[in-house]
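Here's the letter readout for the chains.
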Amino acid sequence: MKLQLYVPDGRYQPWIDGFAEALPEAQCLTWEDSRNEQVDYAVVWRPPLEMLRGRTDLKAVFNLGAGVDGILSLRDTDPDALPAGVPIVRLDDAGMAAQMIDYVTHAVLRYFRRLDEYALAQQAGTWRFLKPHRRADFTVGVMGVGTLGAQIAQALAGFGFPVRGWSRTARDIEGVQGFAGEAGQAPFLDGLRVLVNVLPLTPETENILDAGLLGKLAKGAYLVNVARGPHLVEQDLLAAVQSGQVAGATLDVFRTEPLPAGHPFWAEPRITITPHIAALTLREDSVAQIAAKIRALGAGQPIAGVVDLQRGY
Ligand code: NAP
Ligand code: GLV
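Residues numbered from 1 in each chain as written. Chains lettered and ligands numbered in written order. Predicted model: local features only at pLDDT ≥ 70, side-chain atom pairs only at ≥ 80, totals over all residues. Heavy atoms only, no water.

- Per an unreviewed UniProt entry, the protein chain goes by D-3-phosphoglycerate dehydrogenase and derives from Cupriavidus basilensis.

In structure tokens form, the structure reads like this:
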């Protein structure tokens with residue numbers, strides 16, 4: 001059995017070593033060294049257009065991340081960019097949910113306990129008491145309550161916040177008030193003090209975080225975006241922060257990454273920036289998950305995480 005790997009940073013050896021251990025029956029080849037070979041599986045992160053187009057040898061394409069926009073968006077350049085009938089398989093959690101929980105709960109608690117404001121007071125040498133927020137009034141909404149969002153929502157509920165979740169289809173998550181579809185969006189957003197975005201990037205969700213949506217949150221609400229940069233209309237967030245409609249934001253993802261020098265977000269003290277690290281792909285967990293799925297496919301068993309190409313996630 002042959003695997004063909006593509007990672008944009010070209011750091012192949014740790015992946016090759018990982019698959020050699022987890023799947024010793026497979027030969028692991030880099031895309032660059034095996035362009036003309038017939039292989040069984042591709043394992044990729046943001047592959048180049050020429051890697052998948054027209055392929056007839058592949059049994060499946062494994063994505064080294066949860067979001068598959070880096071593969072599906074190849075169709076914007078060429079409608080036949082993806083190999084016909086070949087399943088695209090995303091990572092299911094693979095150690096990402098725990099990281100997302102750390103990141104999002106930290107951001108929410110920092111805002112809830114007004115810690116950024118105390119940090120500013122410290123910089124000014126000021127001993128200043130700020131009125132605490134009331135937990136019972138502090139409703140947090142999670143957009144996208146799939147593999148990662150559902151666990152984030154439950155972790156936030158564990159801190160005693162009223163938590164709402166929004167999804168495309170109705171979801172029943174213990175301790176989380178569920179809203180679904182377009183009709184559920186307005187009641188989901190109404191009065192939220194914090195909005196957390198964990199949606200996949202699809203044609204339906206691109207630019208979803210715009211002035212209209214931000215205007216439906218409670219005045220002075222907080223935004224946490226850990227999904228994808230193109231969900232957010234960046235100018236609309238800046239305007240909402242400047243008007244006070246949004247108190248601030250923690251952003252892990254951006255339309256252009258790395259965030260360019262001189263981007264206005266760098267100079268906005270109410271916006272906290274991290275470089276797309278909310279949930280990293282953990283090599284050991286990911287290799288183990290992909291190896292188990294390859295073995296299941298070999299045994300004719302169904303696997304989780306197969307992407308619906310029409311839906312886009
Ligand atoms: P997932 O399991 O596929 O969950 C997606 C959720 O979004 C589901 O609840 C789905 O609804 C909902 N959804 C999709 N389209 C919608 C729409 N049009 N309206 C309302 N709800 C919609 O995905 P996941 O594994 O949780 O990952 C989510 C995203 O997180 C990834 O796609 C990726 O972009 C991002 N991510 C970021 C990082 C980072 O480091 N920043 C790391 C990992 C992942 P249904 O439940 O009805 O299907
Ligand atoms: C990271 O952003 C992922 O989608 O896994």
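## Focus: the packing of aromatic side chains
Consideration 1: Counting across every chain of the model gives 9 aromatic pairs.
Consideration 2: With centroids separated by 5.9 Å and ring planes inclined at 40°, the aromatic side chains of Tyr111 and Phe138 adopt a geometry described as tilted. Separated by 27 residues along the polypeptide, Tyr111 in helix 5 (residues 96-112) and Phe138 in the loop between helix 6 (115-123) and strand 6 (140-143) bring together distant segments of the chain. Here Tyr111 and Phe138 have matching classes, each one buried.
Consideration 3: Aromatic side chains Tyr111 and Tyr222 sit 4.6 Å apart centroid to centroid with 20° between the ring planes, which places their arrangement in the stacked category. With Tyr111 in helix 5 and Tyr222 in strand 10 (residues 221-225), this residue pair connects regions lying 111 residues apart in the sequence. The residues Tyr111 and Tyr222 share a single accessibility class, namely buried.
Consideration 4: Of note, Arg135 hangs over the ring of Phe161, and the distance from its end group to the ring centre comes to 5.5 Å. (Phe/Tyr/Trp six-rings, centres within 6.5 Å; stacked < 30°, edge-to-face > 60°. Helix = DSSP H or I, 4+ residues; strand = E, 2+ residues; numbered from the N terminus. Buried < 20%, exposed > 50% of the residue type's maximum accessible area, 1.4 Å probe, protein only. Lys NZ or Arg CZ within 6 Å of the ring centre and 35° of its normal.)

## Observations regarding the pattern of salt bridges
Consideration 1: The tally for this structure, following the rule as stated, stands at 13 salt bridges.
Consideration 2: With its nearest N and O atoms 2.8 Å apart, the salt bridge here joins Lys2 to Glu37. Note that Lys2 is positioned in strand 1 (residues 2-6) and Glu37 in the loop between strand 2 (27-30) and strand 3 (41-44), a separation of 35 residues in sequence.
Consideration 3: Look at Lys2 and you get partly exposed, because its relative accessible area is 26%.
Consideration 4: On the basis of relative accessible area, Glu37 is assigned to the partly exposed category, the value being 30%.
Consideration 5: Notably, a salt bridge pairs Arg53 with Asp78, separated by 3.2 Å at the nearest N-O pair. With Arg53 in the loop between helix 2 (49-52) and strand 4 (60-63) and Asp78 in the loop between helix 4 (74-77) and strand 5 (88-89), the pair connects residues that are 25 residues apart, well separated along the chain.
Consideration 6: Connected via shared salt-bridge partners are Arg46, Asp69 and Arg228. (Salt bridge = Lys/Arg side-chain N within 4 Å of Asp/Glu carboxyl O.)

## A few points about the site of ligand 2
Consideration 1: All residues adjacent to ligand 2 are Trp45, Gly65, Ala66, Gly67, Met96, Arg228 and His276.
Consideration 2: One of the side-chain N or O atoms of Arg228 is found 2.8 Å from an oxygen atom in ligand 2.
Consideration 3: For ligand 2, an oxygen atom lies 2.7 Å from a polar atom in the side chain of His276.
Consideration 4: Protein chains bury 87% of the 190 Å² of accessible surface belonging to ligand 2 in isolation.
Consideration 5: Looking at the shell around ligand 2, its residues break down into 3 nonpolar, 3 polar and 1 charged. (Near = heavy atom within 4 Å. Polar contact = N/O pair within 3.5 Å; in protein donor to acceptor, adjacent residues only side chain to side chain. Areas by Shrake-Rupley, 256 points an atom, 1.4 Å probe, with all protein chains shown as cover. Nonpolar A, V, L, I, M, F, W, Y, C, P; charged D, E, K, R; others polar.)

## Topic: unusual backbone geometry
Consideration 1: In this structure, Pro258 follows Glu257 across a cis peptide bond, with omega equal to -5°.
Consideration 2: Topologically, Pro258 is positioned in the loop between strand 11 (246-251) and strand 12 (271-273).
Consideration 3: Even without glycine at this site, Arg46 takes up a positive phi of about 45°.
Consideration 4: Within the secondary structure, Arg46 sits in the loop between strand 3 and helix 2.
Consideration 5: One non-glycine residue, Arg114, lies in the positive phi region at around 60°.
Consideration 6: With respect to the helices and strands, the residue Arg114 is situated in the loop between helix 5 and helix 6.

## Focus on the packing of helix 1 (residues 13-22) against helix 11 (residues 283-298)
Consideration 1: At a minimum axis distance of 10 Å, the contact between helix 1 and helix 11 shows a crossing angle of 45°. What the angle tells us is that helix 1 and helix 11 run oblique. In terms of crossing hand, the pair formed by helix 1 and helix 11 is right-handed. Mapping the contact onto sequence places Pro14, Trp15, Gly18, Phe19 and Ala22 in helix 1 and Arg283, Ser286, Val287, Ile290, Ala291 and Arg295 in helix 11.
Consideration 2: A breakdown of the residues in the contact of helix 1 with helix 11 according to their chemical character gives 7 nonpolar, 2 polar and 2 charged. (Axes fitted to C-alpha atoms, helices over the stretch in contact; angles between N-to-C directions. Parallel < 35°, antiparallel > 145°, perpendicular 65-115°, else oblique. Left-handed = near helix turned anticlockwise from the far one by under 90°. Contact = heavy atoms within 4.5 Å.)

## Regarding the layout of surface pockets
Consideration 1: When its volume is computed, the second largest pocket comes out at roughly 420 Å³.
Consideration 2: Lining the second largest pocket are 23 residues, with Asp69, Ser73, Asp76, Leu201 and Thr202 sitting closest to its centre.
Consideration 3: Among the elements of the structure, helix 3 (69-72) and helix 4 are those that each provide at least two residues to the lining of the second largest pocket.
Consideration 4: Here the lining of the second largest pocket gets 3 residues from one element, more than from any other, and that element is helix 3.
Consideration 5: A per-class count over the lining of the second largest pocket returns 6 nonpolar, 8 polar and 9 charged.
Consideration 6: Composition of the lining of the second largest pocket by domain shows at least three residues from each of domain 1 (2-94 + 281-299) and domain 2 (96-273). (1 Å grid on protein atoms, 1.4 Å probe; cavity = no way out; pocket = protein on both sides within 12 Å on 5 of 7 lines; lining within 4 Å. Points joined across faces, edges and corners; volume = space filled by probe spheres on them. Domains from an automatic or database assignment.)

## Brief notes about a nonpolar patch on the surface
Consideration 1: Where nonpolar side chains cluster on the molecular surface, the patch consists of Ile277, Leu280 and Leu282 and spans about 210 Å² of accessible area.
Consideration 2: Along the chain, Leu280 turns up in the loop between strand 12 and helix 11.
Consideration 3: Overall, Leu280 belongs to the partly exposed group, its relative accessible area being 41%. (Patch = residues over 30% accessible without salt bridge, like charges linked within 9 Å, V, L, I, M, F, W, Y side chains within 5 Å.)

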